[in-house]
Amino acid sequence: MKDTVQKLRRRSEKLLRKGEVQRVLGWRPGRLAWQSAPTVAESAEEVQRLEVGPFSAANLTKYLIDIVRPEHPARDEEPPGRTAVWARGCDARAINRLIADGVLDEDEVMVLGFSCPGIADRERVGEVVDLAGASCTCWSEDGGDSFVVHTEAGEKQLQISEVVADRCASCTHPEPVRADEHFGGAARTADGEVRFFALDEYEDMDEGERYEFWSRQFARCIRCYACRNVCPACNCTECVFDGDLPDRPDWLGKASDISDNQVYHITRAFHVAGRCIECGECERVCPVNIPLRAIMQKTAADIEELFEPHEAGLCPDETPPLQAYSLDDPEVKEEGST
Amino acid sequence: MLLNQNCPGEGQDLAPAPGPDGAGSPRSEGGEDWTPNLVGFCCNWCSYAGADLAGINRLQYPPNLRIIRVLCSSRVNPMFILRALQKGADGVLVAGCHPGDCHYSTGNYYTRRRFHIFQRHLEFFGLDPARVQLEWVSAAEGKRFADVVTEMTERVRKLGPNTRFRSNLL
């Protein structure tokens, strides 16, 4: 991975110098060894800060909306020009999502793709290394997906595959599905068989247990809307949950009520059903650890079972399954579907 | 016009549905004479006319369903259903034209897909799918409308009052 990052930097520098792109969107090292922050480089010098580390978890595509959407307050007077994005499989699928939803034009973005080895899970790394005392994490010299954690006690070399985050373990597209240029990398072996493994633990629960389980989860929700704000499929200009919009019904109470939390999560899940690219960002950013990815996996599994095999974001002109129909769709049975 | 004259603009708790004898029954008890509150979203072109026909023909069916007319079953936003459950409905019926008969050609095909996924969502979160149903009733099927309402009332009556997703802030 080390030489891939070098290649990405060199190319980004060149693009900025030539003025082919106005900015490059990537990650930079965070303050702590297990952090990595999204960042924008607007000059060749700033590109040197960019990196892809074992903890570069954030999906960058939501920032593209801030850059290109004309009415967005974050955008200044100048036309946005072209933005280059360092992209893995999930980032590339998210870019397809934005193009399919009409948020982004294809010529507004340039995808610098690389194959993704997966993202390291902080807790799993923390089990084998003392991350609190670590000074930095970087890719090891011998290539592939191995990385080194430098701590006061010495160095510890790890393979990403040993400590990979769950969402990356179920990833089906570590290769960028859309890339203007491709820069190598170390693709994690995709195993389609394990796409829905997050659902295993819900299979044995009965209805009452599921209600108890999810009520407990949603009772913790502080409705910070981080899951909505980070989601590439949640790209409406005006959101139904922002009740202060004029001439709109207030669909969701503002008081702290479990019922409203439940309604929020059911509705959010339904709004992105069939358009979710399964990047798992919702679950990562949740401050109270609600297993949101399972909800989206369940929806994707239902769509596969009832209608057609579908993975969102594989091409920029797809029709989401819930915006389509087939004459042969199964009827909804009176006693429910299972 | 008349429909909206007294609408306070905010969802109100549904008053207890009258029992078969016309007397109200306490809704918190799941006793023998408890009857459910049902909300029905009926499409203007088929199911609402089907309900009309049931009335014209003087067909008897339980008075537990409160009908809300919508222009098409695909007009039913899932948040309508959630709001009904939050505010005290024990079951929600969505009724539209038979597939192929939609006044707008394709609306009910979309409904079928969306409803299927939505019902499975609710099931995943722990609601009995029998409480939330989709039925096709044509304008000529007054008898079928009466049967659908009778069956659904009976099914939800057996399940008892719904407490799931109910708002505590009524």
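Rules and cut-offs
- Residues numbered from 1 in each chain as written.
- Chains lettered and ligands numbered in written order.
- Predicted model: local features only at pLDDT ≥ 70, side-chain atom pairs only at ≥ 80, totals over all residues.
- Heavy atoms only, no water.
- Helix = DSSP H or I, 4+ residues; strand = E, 2+ residues; numbered from the N terminus.
- Buried < 20%, exposed > 50% of the residue type's maximum accessible area, 1.4 Å probe, protein only.
- Contact = heavy atoms within 4.5 Å.
- Areas by Shrake-Rupley, 256 points an atom, 1.4 Å probe, with all protein chains shown as cover.
- Buried area = accessible area lost by both parts, 1.4 Å probe.
- Salt bridge = Lys/Arg side-chain N within 4 Å of Asp/Glu carboxyl O.
- Polar contact = N/O pair within 3.5 Å; in protein donor to acceptor, adjacent residues only side chain to side chain.
- Disulfide = S-S within 2.5 Å.
- Expected span 1.5 Å × (residues − 1).
- pLDDT = per-residue confidence, 0-100.
- Patch = residues over 30% accessible without salt bridge, like charges linked within 9 Å, V, L, I, M, F, W, Y side chains within 5 Å.
- Lys, Arg positive; Asp, Glu negative; His and termini not counted.
- Charge placed at Lys NZ, Arg CZ, Asp CG, Glu CD.
- Pairing = 2+ DSSP bridges.
- Right-handed = clockwise from strand over helix to strand, strands pointing away.
- Core = buried A, V, L, I, M, F, W, Y, C linked by side-chain atoms within 4.5 Å.
- Arc of directions from axis to C-beta.

Draft legend 1. Molecular detail of the overall build of chain B. Scanning chain B for helices and strands turns up four helices and four strands. Reading chain B from its N end, one meets helices and strands in the order β-α-β-α-β-α-β-α. Split into buried and exposed, the 170 residues of chain B put 54% on the buried side. For chain B, restricting intrachain contacts to residue pairs at least 6 apart in sequence, the fraction spanning at least 24 positions comes to 76%. Working note: accessible area of chain B is about 7,700 Å², and carbon and sulfur atoms make up 51% of it.

Draft legend 2. Spatial organisation of the interface of chain B and chain A. The interface is formed by 42 residues belonging to chain B together with 52 residues belonging to chain A. Summed over both sides, the interface between chain B and chain A buries roughly 4,500 Å², with carbon and sulfur atoms accounting for 60% of that surface. For chain B, the biggest contributors to the area lost against chain A are Arg113, Arg120 and Phe124 of chain B; these three give 21% of the whole. Linking chain B to chain A there are six salt bridges. As a salt-bridge pair, Arg120 of chain B and Glu305 of chain A come within 3.0 Å of each other at their nearest N and O atoms. Counting the contacts that link chain B with chain A gives 18 residue pairs in polar contact (both at pLDDT 80 or more). Elements represented by at least two residues in the side of chain B that touches chain A include exactly helix 2 (78–86), helix 3 (107–124), strand 4 (132–136) and helix 4 (142–159) of chain B. Considering each element in turn, the side of chain B that touches chain A owes the most residues, 15 residues, to helix 3 of chain B.

Draft legend 3. Just the state of the cysteines, in detail. In the structure shown here, the tally under the stated rule is one disulfide over all chains. Between the sulfur atoms of Cys46 of chain B and its disulfide partner Cys97 of chain B the distance amounts to 2.5 Å. Disulfide Cys46 of chain B-Cys97 of chain B: the torsion about the S-S bond is 100°, which places it as right-handed. One end of the pair, Cys46 of chain B, is in the loop between strand 1 (38–43) and helix 1 (47–56); the other, Cys97 of chain B, is in the loop between strand 3 (91–96) and helix 3, and 51 residues separate them in sequence. Cys227 of chain A carries a free sulfur, and the closest cysteine sulfur to it, the one in Cys224 of chain A, is 6.4 Å from it.

Draft legend 4. Representation of helix 8 (residues 207–220) of chain A within the structure. Compared with the 20 Å implied by 1.5 Å per residue over 14 residues, the 20 Å span of helix 8 of chain A between its first and last C-alpha is a close match. Among all positions in helix 8 of chain A, only Arg210, Tyr211, Phe213, Trp214, Ser215, Gln217 and Phe218 of chain A are buried. In the core, the buried residues of helix 8 of chain A are packed alongside helix 10 (258–271) and helix 12 (292–306) of chain A together with helix 3 of chain B. One side-chain oxygen at the N-terminal end of helix 8 of chain A lies 3.1 Å from the backbone nitrogen of Gly208 of chain A; it belongs to Asp206 of chain A.

Draft legend 5. Focus on the pattern of salt bridges. Going through the model one piece at a time under the given rule, you end up with 30 salt bridges over all chains. Salt-bridge contacts for Arg120 of chain B lead to Asp302 of chain A; the nearest nitrogen and oxygen are separated by 3.0 Å. Linking Arg120 of chain B in helix 3 with Asp302 of chain A in helix 12, this pair reaches from one chain into another. Arg120 of chain B gets classed as buried once you look at its relative accessible area, which sits at 4%.

Draft legend 6. The confidence of the model for chain B, seen in detail. All names here are of chain B. Across chain B, the average pLDDT comes to 85, with 81% of residues at or above 70. Confidence over residues 1–12 falls short of pLDDT 50; this stretch has three contacts with residues more than four positions distant or in other chains. Segment residues 18–26 is flagged for pLDDT under 50; beyond a separation of four residues in sequence, or across chains, it makes 15 contacts in the model. For this predicted complex, the interface score ipTM comes out at 0.87, alongside a pTM of 0.88.

Draft legend 7. Structural view of a negative patch on the surface. A contiguous patch of negative charge, built from Asp200, Glu201, Glu203, Asp204, Asp206 and Glu209 of chain A, is present on the exposed surface. Relative to the elements of secondary structure, Asp206 of chain A occurs in the loop between strand 8 (181–185) and helix 8.

Draft legend 8. Looking closely at the pairing of strand 4 of chain B. All names here are of chain B. Most of strand 4 sits out of view: five of its five residues are buried. A two-sided burial pattern is seen for strand 4, the buried positions comprising Val132, Leu134 and Trp136 on one face and Gln133 and Glu135 on the other. By the bridge criterion, five bridges tie strand 3 to strand 4 in an arrangement that is parallel. By the bridge assignment for strand 4, Ala95 is matched with Glu135. Crossover connection from strand 3 via helix 3 to parallel strand 4: handedness right-handed.

Draft legend 9. Focus on the side chain of Glu281 of chain A. All names here are of chain A. Relative to the helices and strands, Glu281 is located in helix 11 (residues 281–285). A distance of 2.9 Å separates the side chain of Glu281 from the backbone nitrogen of Asn59, its partner in a polar contact. Beyond its immediate chain neighbours, meaning those up to four positions away, Glu281 contacts Ala57, Ala58, Asn59, Arg167 and Val230.

Draft legend 10. Representation of the nonpolar core within the structure. One finds Trp214 and Ile295 of chain A together with Ile81 of chain B to be the most contacted residues of the largest nonpolar core, which totals 63 residues. Mapped by element, the contributors of at least two residues to this core are helix 8, helix 10 and helix 12 of chain A together with strand 1, helix 2, strand 3, helix 3 and strand 4 of chain B. Formed by 54 residues, the second largest nonpolar core is a distinct cluster that contains Leu64, Met110, Val111 and Val149 of chain A.

Draft legend 11. The arrangement of a nonpolar patch on the surface in detail. A contiguous nonpolar patch, built from Trp45, Leu71 and Tyr104 of chain B and spanning about 300 Å² of accessible area, is present on the exposed surface. Of note, Leu71 of chain B is situated in the loop between strand 2 (65–70) and helix 2.

Draft legend 12. Summary view of helix 1 of chain B. Residue and element names in this part refer to chain B. Listing the buried residues of helix 1 in full gives Ser47, Gly50, Ala51 and Ala54. Axial view of helix 1: buried residues confined to an arc of 100°, hence all on one face. Elements that come into contact with the buried residues of helix 1 comprise strand 1, strand 2, strand 3 and helix 4. Just past helix 1, the residue Arg58 takes up positive phi, approximately 55°.

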